Amino acid sequence: MEVVERPHVILRWISVSIIIAGFFFVTGHSFYLPGVAPQDFLKGDDLKVKVNKLTSTKTQLPYSYYSLPYCAPKTIVDSAENLGEVLRGDRIENSPYVFKMRQPQMCNVVCHVVLNAKTAKEFKEKIEDEYHVNMILDNLPLIMPIKRPEQGITVYQHGFLVGLKGLYAGSKEEKHFIHNHLSFTVKYHKDTQSEAARIVGFEVKPFSVKHEYDGAWSDSVRLTTCDPHAKRTVTNSDSPQEVEDKKEIVFTYDVEFQESDVKWASRWDTYLLMADDQIHWFSIVNSLMIVLFLSGMVAMIMLRTLYRDISKYNQLETQEEAQEETGWKLVHGDVFRPPTNSDLLCVYVGTGVQFFGMTLVTMVFALLGFLSPSNRGGLMTALLLLWVFMGLFAGYASTRLYKMFKGTEWKRIALHTSFMFPGIVFVIFFVLNALIWGEKSSGAVPFGTMFALVVLWFGISVPLVFVGSYVGFKKPAIEDPVKTNKIPRQIPEQAWYMNSVFSILIGGILPFGAVFIELFFILTSIWLHQFYYIFGFLFLVFVILIVTCAEITIVLCYFQLCSEDYLWWWRSYLTSGSSALYLFLYAAFYFFTKLEITKPVSGILYFGYMLIASYAFFVLTGTIGFYACFWFTRLIYSSVKID
């Protein structure tokens, strides 16, 4: 059963997005996010369970819960969704599961379903692909505890499997069995002053049970396999429910309530501590120490070498000595000559500034707790809105650089900045979305949402880029510290290790080395459906990335100028930007070693999205390297006496 999207929902997404953006500028006093307050429940109050998408790490294609013939309420109602939730493929809807606060229930019958060939096939396909059912109670996702006695720990799995494959004793034919009985546990923290309580945990143990009953089926029939009157409940799956044509399935559930010492403010700790974070700590600290050590070494070498060079050049007294000079001072008349394809460089630099602003502001708000996992879809919404509003800085940066290159057609640069990167990404995204749509997955972005994205792009981002470009072009042009010769000097033949391709590829290794450990955790959270929450580590890694991009670009730029090669503009961008190539190669390595994706469409989706991520990383790191080199060259050439 599909839920039809209505036109007013588009306006709701945009409204919610703008409200969330407004929240960013308000000081929050709640634990996670301003506006998200705990809800108190009295004994006997209704607790309504919501269902979310079906997910699988094998296919990466989410599906709506009601795409399978599960028990459905009389009317299916969408919960309020923000733009980020829709883009993530979340489909949160009401369910027929209704609990009464602190009133245990045993063997409640939800519905009775008779499979046909089509529905049996659908269930089998989802069981084959190891799909998980996700539910939500009071904004808490459903988890399944799994005890590991050998390690003495309990790990938690998001949701529960649709079913399992297995063999009957003495049979060689593999069968599919569905989890049709759910034993829920709701944990609550009771208020010492009143009878009110807050929900702090939502767990499940699924079972596959072939329910039996006497006579013909009716809503009032009593099950013999699970009877609340006889206090008989389901404790195992010894007689499992098979999925085949014309098979009857009775869906049932139990609810148990447990008082917990966990307070509402700490209820997400269970979800966020699912993975062993010891490796994370050790790896991050190890990476930080190595990068800081290398940064210190690079900084010391550069400062000492430059100080000696500048002192030597400034002490040249005679014209003969000046004529015999070598090294980076020799190319002072060409070093600020505009590069080839300077317009394209301006566009990429402006786009990089847009990305840098978006990333920095997002991380600051994530650190403050605004974008915690409890705010579902908040991170994606924030990224989109910040990208749109940072168009102002993109236009300003690209046009300022363009005017320095003596350009006059600022509107053309603004237009290219508005459309080049977003246009390429939109085309890739549109193709990938068409593939998802072809698979009838809920991960496909609906037409209404696509329209909302285009409105944000054309209605807000593009005008802001033009406003920024206009302001940037009206500012006085940046003056070069030295004059540029009319005739370019010849570049001497370079050593093999100063070859541009070799130098660029070497330059990307250090920035990638600074982030690849954190990249593992980010990829795991995205593709293995785990929560990513250590934004403090991420911000630290981002700072390290900025430092390493700047330093490696400055070092290689200095060596390039010393060998009398003054074509540094594009090379400075590509040197740190080449780390994106290593990121994409690592993503390919991760795909073949960590993921179990077998379907071609899922593989195309993975590499398509990682291509977009790598392209964005290229623009970001390239811009950081470019500005570091730009600052460095202006600094050194303004520090020496040039006649």
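Residues numbered from 1 in each chain as written. Predicted model: local features only at pLDDT ≥ 70, side-chain atom pairs only at ≥ 80, totals over all residues. Heavy atoms only, no water.

1. Focus: the packing of helix α9 (residues 391-404) against helix α11 (residues 447-474)
At step 1: Running from N to C, α9 and α11 point in directions that differ by 35 degrees, and their axes come no closer than 6 Å. Here α9 runs over α11; the crossing is right-handed. Contacts between α9 and α11 involve Gly-391, Leu-392, Gly-395, Tyr-396, Ser-398, Thr-399, Arg-400 and Lys-403 from the former and Leu-464, Val-465, Val-467, Gly-468, Ser-469, Val-471, Gly-472, Phe-473 and Lys-474 from the latter.
At step 2: Per-class residue counts for the contact of α9 with α11 are seven nonpolar, seven polar and three charged. (Axes fitted to C-alpha atoms, helices over the stretch in contact; angles between N-to-C directions. Helix = DSSP H or I, 4+ residues; strand = E, 2+ residues; numbered from the N terminus. Left-handed = near helix turned anticlockwise from the far one by under 90°. Contact = heavy atoms within 4.5 Å. Nonpolar A, V, L, I, M, F, W, Y, C, P; charged D, E, K, R; others polar.)

2. Digging into empty space enclosed by the protein
At step 1: Tallied over the entire structure, the rule returns three cavities of 30 Å³ or more.
At step 2: Forming the walls of the second largest cavity are Tyr-65, Tyr-70, Tyr-97, Val-133, Phe-160, His-179, Asn-180, Leu-182, Phe-251 and Thr-252.
At step 3: Residue classes in the lining of the second largest cavity are distributed as seven nonpolar, three polar and no charged. (1 Å grid on protein atoms, 1.4 Å probe; cavity = no way out; pocket = protein on both sides within 12 Å on 5 of 7 lines; lining within 4 Å. Points joined across faces, edges and corners; volume = space filled by probe spheres on them.)

3. Let's talk about helix α16 (residues 579-594)
At step 1: When the terminal C-alpha atoms of α16 are compared, their 22 Å separation across 16 residues agrees well with the 22 Å that a helix rising 1.5 Å per residue should span.
At step 2: Three or more residues of α16 are buried, namely Ser-579, Ala-580, Leu-583, Tyr-586, Ala-587, Ala-588, Tyr-590 and Phe-591.
At step 3: Residues of α16 that are buried in the fold lie against α13 (509-527), α15 (569-577) and α17 (600-637). (Expected span 1.5 Å × (residues − 1). Buried < 20%, exposed > 50% of the residue type's maximum accessible area, 1.4 Å probe, protein only.)

4. Overview of the pairing of strand β9 (residues 163-167)
At step 1: As paired strands, β9 and strand β10 (residues 174-178) are joined by five bridges and run antiparallel to one another. Bridged to Gly-163 within β10 is Ile-178.
At step 2: Hairpin connection between β9 and β10: a loop of six residues separates the two successive antiparallel strands, and Gly-170 in this loop has a positive phi of roughly 80 degrees. (Pairing = 2+ DSSP bridges.)

5. A look at the side chain of Arg-267
At step 1: Inspection of the secondary structure assignment puts Arg-267 in the loop between β13 (248-259) and α4 (269-272).
At step 2: In this structure the side chain of Arg-267 is engaged in a polar contact, spanning 3.0 Å, whose partner is the backbone oxygen of Asp-138.
At step 3: If sequence neighbours within four positions are ignored, Arg-267 has contacts with Asp-138, Asn-139, Leu-140, Ile-199, Val-200 and Val-262. (Polar contact = N/O pair within 3.5 Å; in protein donor to acceptor, adjacent residues only side chain to side chain.)

6. With respect to the environment of Lys-43
At step 1: Mapped onto the elements of the fold, Lys-43 is located in the loop between α1 (7-23) and β1 (46-55).
At step 2: When the C-alpha positions of Lys-43 and Lys-100 are compared, they lie 7.4 Å apart, and in sequence the two are 57 residues distant.

7. Remarks on the packing of α13 against α16
Helix packing for two helices is described by the angle between their axes and how far apart those axes are.
At step 1: Packing of α13 against α16 leaves a shortest axis separation of 10 Å and a crossing angle of 35 degrees. The handedness of the crossing between α13 and α16 is right-handed. Taken together, the residues of α16 that come into contact with α13 (itself represented by Ile-509, Pro-511, Phe-512, Phe-516, Leu-519, Phe-520, Leu-523 and Thr-524) are Ser-579, Tyr-582, Leu-583, Tyr-586, Tyr-590 and Lys-594.
At step 2: Across the contact of α13 with α16, the residue classes tally to eleven nonpolar, two polar and one charged.

8. Considering the state of the cysteines
At step 1: Evaluation of the coordinates by the stated rule reveals two disulfides.
At step 2: Across the disulfide from Cys-71 sits Cys-111; the S-S distance is 1.8 Å. With the S-S dihedral at roughly -75 degrees, the linkage between Cys-71 and Cys-111 falls on the left-handed side. Linking Cys-71 in the loop between β1 and α2 (83-88) with Cys-111 in strand β3 (residues 105-114), this pair joins segments that are 40 residues apart in sequence.
At step 3: The exposure class of Cys-71 is buried, given its relative accessible area of 5%.
At step 4: We classify Cys-111 as buried; its relative accessible area is 17%.
At step 5: With its sulfur 1.9 Å from that of its partner, Cys-107 forms a disulfide with Cys-226. Of this pair, Cys-107 sits in strand β3 while Cys-226 sits in the loop between β12 (197-207) and β13, and the two are 119 residues apart along the sequence.
At step 6: Owing to a relative accessible area of 6%, Cys-107 belongs among the buried residues under this scheme. (Disulfide = S-S within 2.5 Å.)

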